[in-house]
Amino acid sequence: MTAGPETGAETVVVRVDRDRCIGSGMCALSAPDSLALGAEGLAEPVAGYGGDGAELTAELTEAVDFCPVEALTLYSARGGYRIAPAE
């Protein structure tokens, strides 16, 4: 696991498969600090979650699990390997 410099938590990047996303909003409700619905009504990462990576939280993990169409994927920001959902 990759640790963040300040907290020791995993640093992750969220990828949204925009072809699969249906804009249910479950992810944004589950992890509002990590995900939001954009102008097109589809999920998008907030702040560092789409770029350099931000801290993995339980809420973000739940949001990935709750996605009804499996449009969200978490990757290690440093290692690039897939964290969730399991393949």
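Residues numbered from 1 in each chain as written. Predicted model: local features only at pLDDT ≥ 70, side-chain atom pairs only at ≥ 80, totals over all residues. Heavy atoms only, no water.

Caption draft 1: Local environment of helix α2 (residues 58-66). Buried within α2 we find Leu 60, Ala 63 and Val 64. Taken end-on, α2 shows its buried residues confined to a sector of 100°, consistent with a single buried face. Turned more than 90 degrees away from the buried face of α2, the exposed residues are Ala 58 and Asp 65. Among the structural elements, β1 (11-16), α1 (26-30), β2 (35-37), β5 (72-76) and β6 (82-84) are those in contact with the buried residues of α2. (Buried < 20%, exposed > 50% of the residue type's maximum accessible area, 1.4 Å probe, protein only. Helix = DSSP H or I, 4+ residues; strand = E, 2+ residues; numbered from the N terminus. Arc of directions from axis to C-beta. Contact = heavy atoms within 4.5 Å.)

Caption draft 2: Molecular detail of the pairing of β5. For β5, the tally of buried residues reaches 4 of 5 residues, placing the bulk of the element in the interior. Here 5 bridges tie β1 to β5, and the two strands are oriented antiparallel to one another. Bridge assignment links Val 14 to a residue of β5, and that residue is Leu 74. Where β5 and β6 come together, 2 bridges link them in antiparallel fashion. Bridge assignment links Tyr 75 to a residue of β6, and that residue is Arg 82. Remark: 5 residues form the turn of the hairpin made by β5 and β6, two consecutive strands paired antiparallel; Gly 80 in that turn has positive phi of roughly 75°. (Pairing = 2+ DSSP bridges.)

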